[in-house]
Amino acid sequence: MLSDPDPVKTSVAVACSPLGNAAEARALADSLAVPFLGVVKPRQVADFAVLLLFDEQGLCLQMTGKGAPGPVRAEFVSGKAGYRREHGGGTGQLVAKAIGLQKTRAPLHVVDATAGLGQDAFVLAGLGCRVTLFERNPFIHALLADGLARAALNTDVAPIIARMTLRGGSSVDWLLQAPEGAADIVYLDPMFPHRDKSALVKKEMQVFRTVVGDDDDAEALLAAALQAVTYRVVVKRPRKAAAIAGPEPATRIEGKSSRYDLYPVRALPGAS
């Protein structure tokens, strides 16, 4: 985890806006064993760096204090995910190319071992993959579970959500114990050590840095993925970042700000 510049404000609490569901908020606080603050105004909270806040739209992560960025939530119906679903490039999207969807029509089971807010998993499920999502951070897991539950109520998005299964706990442990054939593809998008201040412009990154920190076990995660996967491991990285320590990727697919390192084990079914 990253060290916080203010050691007093390192904790997460659950709270509720005036229009949020207080009963759900209290139940979540109990399940996570964190304080429940009741109805609050986030800008006036001084003792916690981040709130899991129930508002009229559901659950969000909200940094506190004056000048804090807006709320971050897992959203699959509207916003970027909705636009991408309706106007995205299909199998021509970089993540789809990296998974290999242009090379096979066979249904693939993708294990997203570092799911975060589930955006890439949603794209892959929308293209027909069955996706198992792992998110070990309990706060991000709660955010993702809320987003999936809300999206399942939307008739247009529900069929996609039905192909997504969220699991908690360590994906490393699951991969090390997975039976043969349990994962066609393993997809990794670990948090990388922060060096460029411009990367903190995005509010999602600010919140993630505060709540999650870096994935210091990325090397172990890659090794476990290579042990369990049937066809290939795909690792998303910042375009100029070094590869995860371990075997060199066989190839890379580069975009403007990120790239995908590919570690093939065997050819995809139906690929030439």
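Quantities reported herein were computed from a predicted structural model and do not represent experimental measurements.

This part covers the overall build of the protein. In terms of helices and strands, the protein carries nine helices and 11 strands. Burial analysis of the protein (272 residues in total) assigns 49% to the buried set. Summarising the internal contacts of the protein: among those between residues at least 6 apart in sequence, 62% fall at separations of at least 24. Of the roughly 13,500 Å² of accessible surface on the protein, 52% is carried by carbon and sulfur atoms.

Here the focus is the pattern of salt bridges. Counting across every chain of the model gives eight salt bridges. K236 is paired through a salt bridge with D120; the nearest N and O atoms lie 3.5 Å apart. Of this pair, K236 sits in strand β9 (residues 229-238) while D120 sits in helix α4 (residues 119-126); the two residues are 116 residues apart in sequence, bridging distant segments of the chain. By the burial criterion, K236 is buried, and D120 matches it. Here the salt bridges share partners, and the residues they tie into one network are E248, R252, R259 and D261.

Attention now moves to the pairing of strand β10 (residues 251-254). Successive side chains on a regular strand alternate, one facing one side of the sheet and the next facing the other. Across four bridges, the pairing between β10 and strand β11 (residues 258-264) is antiparallel. Directly across from T251, in β11, lies its bridge partner L262. Turn length for the β10-β11 hairpin, with the two strands adjacent in sequence and antiparallel, is three residues.

Strands sit in the order β7-β6-β5-β8-β9-β11-β10 across an open sheet of seven strands; the sheet is mixed. What marks the edges here is a single partner per strand, and that holds for β7 (164-167) and β10. Strand-to-strand twist of the sheet, defined as the mean angle between neighbouring strand axes without regard to direction, takes the value 20°. For β9 and β11, the ladder comprises seven bridges, and the chain directions are antiparallel. In the strand pairing of β11, V234 is matched with L262. Its contacts with the sheet place α4 against β5 (109-112), β6 (130-134), β7, β8 (183-188) and β9, and it is angled at close to 165° to β6. Helix-sheet contacts for helix α5 (residues 138-151) involve β6 and β7, and the interaxial angle to β7 is about 155°.

Rules behind the numbers
- Along each chain, numbering runs from 1 in the same order as the chain's sequence is written.
- Given that the model is predicted, a residue must reach a pLDDT of at least 70 before its local features are reported, and side-chain atom pairs must reach 80 or more before they are shown or counted; all residues, however, enter totals for whole chains, interfaces and linings.
- Only hydrogens and water are set aside when side-chain values are computed; all heavy atoms of the structure are taken into account.
- Starting at the N terminus, helices and strands are each numbered in turn, a helix being any DSSP run of H or I of at least four residues and a strand any DSSP run of E of at least two.
- Exposure classes here rest on a 1.4 Å probe applied to the protein chains alone. A residue is buried below 20% of its type maximum, exposed above 50%, and partly exposed in between.
- Note on definitions: a residue-residue contact is assigned when non-hydrogen atoms from the two residues lie within 4.5 Å.
- Only the protein chains shown count as cover for residues, with accessible areas throughout obtained via the Shrake-Rupley method and a probe of 1.4 Å.
- Take a side-chain nitrogen of Lys or Arg and a carboxyl oxygen of Asp or Glu: if they are within 4 Å of each other, that pair is a salt bridge.
- A strand pair is defined by DSSP finding two or more bridges across the two strands.
- Each axis is a line fitted through C-alpha atoms, taken for helices only over the stretch in contact, and angles between the N-to-C directions span 0 to 180 degrees.

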